[in-house]
Amino acid sequence: MVNEARKILLDGPPVTSLDEYRARGGLQAYEKVKEMDPRDVLDILRKSGLRGRGGAGFPTYIKWQGLLESPASRKFICANGAEGEPGTFKDRWLIRHNPYQALEGLAIGSHVIGADTAFFCIKAKFEPEKAALQRALAELQRETTLADNIELVLGPDEYLYGEEKGLLEVIEGGPPAPRVYPPYIHGLFGGAYGGPRDGDNNPANVNNVETLSHVGHIIRNGPDWFRSFGTPDTPGTMIFAISGDVQTEVVRELPLGLTLREIIDGVAGGMRPGRRVKAIFPGVALSVTILAFNLLGDSLRDELDPRLRNL
Ligand SMILES: Cc1cc2nc3c(=O)[nH]c(=O)nc-3n(C[C@H](O)[C@H](O)[C@H](O)COP(=O)(O)O)c2cc1C
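Q: Hey, could you run me through the site of the ligand in this one?
A: In the vicinity of the ligand there are 18 residues, among which G54, K63, E164, N208 and T211 approach most closely. Within the contact set of the ligand, an oxygen atom lies 3.0 Å away from a side-chain nitrogen or oxygen of N80. Taken by itself the ligand offers 610 Å² of open surface, and the protein chains cover 89% of this. Tallying contributions element by element places strand β4 (residues 204–208) first for the shell around the ligand, with three residues. Of the residues assigned to the shell around the ligand, the class counts are five nonpolar, eight polar and five charged.

Q: Looking at this model, I keep getting lost on the sheet that holds strand β2 (residues 117–123). Mind explaining?
A: One key point about sheets: their strands pair by backbone hydrogen bonds, in either a parallel or an antiparallel sense. If you walk across this open sheet you meet the four strands as β3-β2-β1-β4, and the pairing is parallel. Looking at which strands have only one partner, the edges of the open sheet turn out to be β3 (150–155) and β4. Neighbour to neighbour, the strand axes of the sheet diverge by 25° on average, direction disregarded. Where strand β1 (residues 76–81) and β4 come together, five bridges link them in parallel fashion.

Q: What is the right way to read helix α4 (residues 60–69) from this model?
A: Side chains three or four residues apart in an α-helix point the same way, a direct result of the helix having 3.6 residues per turn. Within the span of α4, buried status applies to T60, Y61, W64 and L67. Projected down its long axis, α4 carries its buried residues within an arc of 125°, all on one side. Next to the buried residues of α4 lie α3 (38–48), β1, α6 (99–113), β4 and α9 (209–221).

Q: Is there a simple way to explain the packing of α6 against α9 in this structure?
A: Packed helices, taken two at a time, are described by the angle between their axes plus the distance between the axes. Their axes nearest at 7 Å, the elements α6 and α9 cross at an angle of 80°. Compared by their axis directions, α6 and α9 come out roughly perpendicular. Listed contacts from α9 to Q101, A102, G105, L106 and I108 of α6 are V209, L212, S213, V215, G216 and H217. For the contact of α6 with α9, a count of residues per class yields six nonpolar, five polar and no charged.

Q: Whenever I open this one, the pairing of β1 confuses me. Can you help?
A: It is a general feature of regular strands that their side chains alternate between the two faces of the sheet. Burial analysis of β1 places six of its six residues in the buried class, the great majority of the element. Side chains F76, C78 and N80 project from β1 onto one buried face, and the interleaved I77, A79 and G81 project onto a second face that is buried too. Pairing of β1 with β2, which is carried by six bridges, proceeds in the parallel orientation. Paired with A79 across the bridge in β2 is F120.

Q: Whenever I open this one, the packing of aromatic side chains confuses me. Can you help?
A: The geometry of an aromatic ring pair is captured by two quantities: the separation of the ring centres and the angle between the planes. Counting across every chain of the model gives six aromatic pairs. Look at Y21 and Y100: their rings are 5.4 Å apart centre to centre, the planes differ by 20°, and that puts the pair in the stacked class. With Y21 in helix α1 (residues 18–23) and Y100 in helix α6, this residue pair connects regions lying 79 residues apart in the sequence. Owing to a relative accessible area of 7%, Y21 belongs among the buried residues under this scheme. Using a relative accessible area of 1% as the deciding quantity, one classes Y100 as buried. Between W225 and F229 the ring centres are 5.4 Å apart and the planes differ by 75°, which places this aromatic pair in the edge-to-face class. Note on F229: relative accessible area 4%, which makes it buried.

Q: Teacher, can you tell me more about the side chain of N202 here?
A: In this structure, N202 sits in the loop between α8 (164–171) and β4. A distance of 2.9 Å separates a polar side-chain atom of N202 from the backbone oxygen of D198. Not counting residues within four places of it along the chain, the set of residues in contact with N202 comprises R74, F76, G187, L188, F189 and G190.

Q: Mind showing me how you'd approach unusual backbone geometry here?
A: It is generally the case that most residues other than glycine have a negative phi and that most peptide bonds are trans. Not every positive phi belongs to a glycine, and F189 is a case in point at roughly 55°. The phi torsion at N202 lies on the positive side, around 45°, for a residue other than glycine.

Q: Is there a simple way to think about the pairing of β2 in this case?
A: Burial analysis of β2 places seven of its seven residues in the buried class, which makes it a mostly covered element. The alternating pattern of β2 places T117, F119, C121 and K123 on one face and A118, F120 and I122 on the opposite face, and all of these are buried. Examined bridge by bridge, β2 and β3 share six bridges and lie parallel to one another. Directly across from K123, in β3, lies its bridge partner G155. Handedness of the crossover joining β2 and β3 through helix α7 (residues 127–143): right-handed.

Q: How should I be thinking about the nonpolar core in this particular structure?
A: The nonpolar side chains of soluble globular proteins are, as a tendency, buried together. Residues W64, F120 and I150 are the most contacted members of the largest nonpolar core, which totals 51 residues. Sort the elements by how many residues they give to this core and α6 lands first, with eight residues. Look past the residues within four positions of F120 in its chain and what remains in contact with it is A79, I95, A102, L103, L106, L133, I150, E151, L152, V153 and V209. With 15 residues, the next largest nonpolar core counts C78, A82, Y161 and L188 among its residues.

Rules behind the numbers
Residues numbered from 1 in each chain as written. Predicted model: local features only at pLDDT ≥ 70, side-chain atom pairs only at ≥ 80, totals over all residues. Heavy atoms only, no water. Near = heavy atom within 4 Å. Polar contact = N/O pair within 3.5 Å; in protein donor to acceptor, adjacent residues only side chain to side chain. Areas by Shrake-Rupley, 256 points an atom, 1.4 Å probe, with all protein chains shown as cover. Helix = DSSP H or I, 4+ residues; strand = E, 2+ residues; numbered from the N terminus. Nonpolar A, V, L, I, M, F, W, Y, C, P; charged D, E, K, R; others polar. Pairing = 2+ DSSP bridges. Axes fitted to C-alpha atoms, helices over the stretch in contact; angles between N-to-C directions. Buried < 20%, exposed > 50% of the residue type's maximum accessible area, 1.4 Å probe, protein only. Arc of directions from axis to C-beta. Contact = heavy atoms within 4.5 Å. Parallel < 35°, antiparallel > 145°, perpendicular 65-115°, else oblique. Phe/Tyr/Trp six-rings, centres within 6.5 Å; stacked < 30°, edge-to-face > 60°. Right-handed = clockwise from strand over helix to strand, strands pointing away. Core = buried A, V, L, I, M, F, W, Y, C linked by side-chain atoms within 4.5 Å.

Treat this as a map of the structure, not an account of what it does.
Below you can see the structure in the form of C-alpha cells.
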C-alpha cells in the first residue's frame, strides 16, 4: 500500500501569501541559517542524505561544499525551474503550490556559499509560475531581506535550457547551448565561450527547484525527520508526474523507494481498460525509455505485450 499521507513539499493547500507561509513555519530556516556557521548547515544536509531532484541524484551538500571552499571572489547560485522533460510537470506544480519554499531554499544556498546573485530560472511561457514567483518575490523583497539578491530569469522554450550549462548561457544572455566544462569551472560572467567577463571563473551552483524546496524543511525539522521518509540511500519524498495510458493522470508527492508497479497500480489506478504496459519513460535526463519488463512486479509483467516478454 502506498503511503501518500505524509508529505513535505505539497502538504496542505497551496500557499498564496507570505503570512500563510510564515504561519506554516516558513522563513524559520532562513533565520536560523543566518546565525549558523555555513559548515554546520552543510553537515545537516550531509546527514539528511538530500540528493538532487534534477535527474542525477548528486548529494546536494557536496555541490555546496565545493562552492563554499572555492577561493573565487565571485560566486553564484541558480534554481533550475526550466523543466522540459516530456510528461514532467513537477517543478511547475511545486512553484504553483508554494513558491516561497523554493525561494527560501535558494536564499539559504546563496547564504551558505556566499553568492553574489541568486538566479531563479523558469521558462517565459510558464505564466502561472511566473505570476506566483513574482508575487512571492515582491512580498519577500518588501518585508524581508531574504530575496534581496534573487533575480527571476525568464528563458526560452528549448529543452536544453534545463541542462545546467545551457542554463548559464541563457543567464548570460545567449542561446541555451551547453558548455564543455561544469558550472563550478566555467561559472557566470567569467568570459566562457565569448560571454560577458566580470571577475574570474566565478563558479556557479545549479540546483533543481525541488531540491531547493526541501532545504528549509530539513534545516527546520532536522536530518532524522527527513530520513523518516524514503530509503536509507535516498531519503525523503519526490514529486511524481504520472501520465499516459493510466486510469488517473496525477502529480503526487510520494516517499522514495516505491516500485513502478506500486506507482502505476497504487497511485494512478492501473492501466486504462484494454491497454498494456509496453514501455515506461521515467523522465530522467538522458535516460532511454525503459522496457517495463525489467522493472515491474509480477502482476504488471503479465500485462506486458507478449512480443516484449522475451527482450
Ligand atoms: C539534457 C538535459 C536536460 C536537463 N533538464 C533539466 C531540467 O529541466 N531541470 C533540472 O532541474 N535539471 C535538468 N537537468 C539536470 C541539470 O543539468 C542539473 O544537473 C540539475 O539542475 C542539478 O540540480 P540537482 O543537483 O538539484 O539535481 C538536465 C540535464 C540534461 C543533461
